[in-house]
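In case you want the letters, here they are:
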Amino acid sequence: MAASTSPEQHPQERLTEGAFQRIAGYLPVPDAAEERKLLEIRERLEKESSVRTHYYVKIAVSSFLCMLLLVIGVPVFVMSRITGSISYTALGVVLVGFGLVLAVAVIVLLFRPPWRK
């Protein structure tokens, strides 16, 4: 049995073209200045959306790299102290140092979002 599309089954389809025109008659018609203002607001919101996305990506990448450097740097440093290797000790210190610098960068990014200027 084929499904019929009668108005009783779909109340949202009851509005006819005339009903839409009557509803549109009650709505104010925007002038050119209002349309320009709405267009500027829309463009600004799109720009802010891309800025926010870029901001969150920077935080995610910086956090991931910070954790990666710390997870790799601490064991390298500890194992180098056990074996007595100075070059691996320096490598561990550098990795941990860069990890801490990235941690500070993430904290600064979190407290200074670009859209609160």
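Residues numbered from 1 in each chain as written. Predicted model: local features only at pLDDT ≥ 70, side-chain atom pairs only at ≥ 80, totals over all residues. Heavy atoms only, no water.

## Quick notes on the overall build of the protein
Consideration 1: Across its full length, the protein holds three helices and zero strands.
Consideration 2: Along its sequence from the N terminus, the protein presents helices and strands in the succession α-α-α.
Consideration 3: A buried classification covers 14% of the 117 residues belonging to the protein.
Consideration 4: Pairs at least 24 apart in sequence give 60% of the contacts found in the protein among residues at least 6 apart.
Consideration 5: Carbon and sulfur atoms make up 68% of the accessible area of the protein, which amounts to about 9,800 Å² in all. (Helix = DSSP H or I, 4+ residues; strand = E, 2+ residues; numbered from the N terminus. Buried < 20%, exposed > 50% of the residue type's maximum accessible area, 1.4 Å probe, protein only. Contact = heavy atoms within 4.5 Å. Areas by Shrake-Rupley, 256 points an atom, 1.4 Å probe, with all protein chains shown as cover.)

## Examining the pattern of salt bridges
When their charged atoms lie close together, side chains carrying opposite charge are able to pair.
Consideration 1: Evaluated as defined, the whole model comprises one salt bridge.
Consideration 2: Here R42 and E46 are joined by a salt bridge, their closest N and O atoms 3.5 Å apart. Within this pair, R42 and its partner E46 are both found in helix 2 (residues 32–83), separated by four residues, close to a single helical turn. (Salt bridge = Lys/Arg side-chain N within 4 Å of Asp/Glu carboxyl O.)

## A word on the packing of helix 2 against helix 3 (residues 86–111)
Consideration 1: Put simply, helix 2 and helix 3 touch, their axes get as near as 7 Å, and they point 155° apart. The orientation of helix 2 relative to helix 3 falls into the category roughly antiparallel. Judged by the sense of rotation from one axis to the other, the crossing of helix 2 with helix 3 is left-handed.
Consideration 2: The residue inventory of the contact of helix 2 with helix 3, partitioned by class, reads 22 nonpolar, seven polar and two charged. (Axes fitted to C-alpha atoms, helices over the stretch in contact; angles between N-to-C directions. Parallel < 35°, antiparallel > 145°, perpendicular 65-115°, else oblique. Left-handed = near helix turned anticlockwise from the far one by under 90°. Nonpolar A, V, L, I, M, F, W, Y, C, P; charged D, E, K, R; others polar.)

## As for helix 2
Consideration 1: Between its first and last C-alpha atoms helix 2 spans 76 Å; for 52 residues at 1.5 Å apiece the expected length is 76 Å, and the two agree.
Consideration 2: When we look at burial in helix 2, the residues that qualify are Y55, I59, S62, C66, L69, G73 and S80.
Consideration 3: Remark: G84 follows helix 2 within two positions and exhibits a positive phi of approximately 85°. (Expected span 1.5 Å × (residues − 1).)

## Digging into the side chain of S85
Consideration 1: The residue S85 is located in the loop between helix 2 and helix 3 in this model.
Consideration 2: At 3.4 Å, the side chain of S85 forms a polar contact with the side chain of S87. (Polar contact = N/O pair within 3.5 Å; in protein donor to acceptor, adjacent residues only side chain to side chain.)

## Details of the side chain of S80
Consideration 1: Of note, S80 is situated in helix 2.
Consideration 2: The buried category is assigned to S80, whose relative accessible area is 1%.
Consideration 3: With near-sequence residues (within four places) excluded, S80 lies in contact with S85, Y88 and T89.

## Some remarks on helix 3
Consideration 1: Counted at 1.5 Å a residue, the expected span for helix 3 with its 26 residues is 38 Å, and the 38 Å between its end C-alpha atoms agrees.
Consideration 2: Of the positions making up helix 3, those classed as buried are T89, G92, L95, G99, V106 and L109.
Consideration 3: Looking at the buried positions of helix 3, the neighbouring elements they touch are helix 2.

## Some points on a nonpolar patch on the surface
Consideration 1: A grouping of V57, V61, F64, L65, L68, V71 and I72 is seen on the molecular surface, where their side chains present a nonpolar patch of about 610 Å² in accessible area.
Consideration 2: Its location among the elements puts V71 in helix 2.
Consideration 3: Judged by relative accessible area, which is 58%, V71 ranks as exposed. (Patch = residues over 30% accessible without salt bridge, like charges linked within 9 Å, V, L, I, M, F, W, Y side chains within 5 Å.)

## Notes on the environment of A60
Consideration 1: Considering the arrangement of structural elements, one finds A60 in helix 2.
Consideration 2: Overall, A60 belongs to the partly exposed group, its relative accessible area being 46%.
Consideration 3: Between the alpha carbons of A60 and V106 there is a distance of 8.7 Å; along the sequence they are 46 residues apart.

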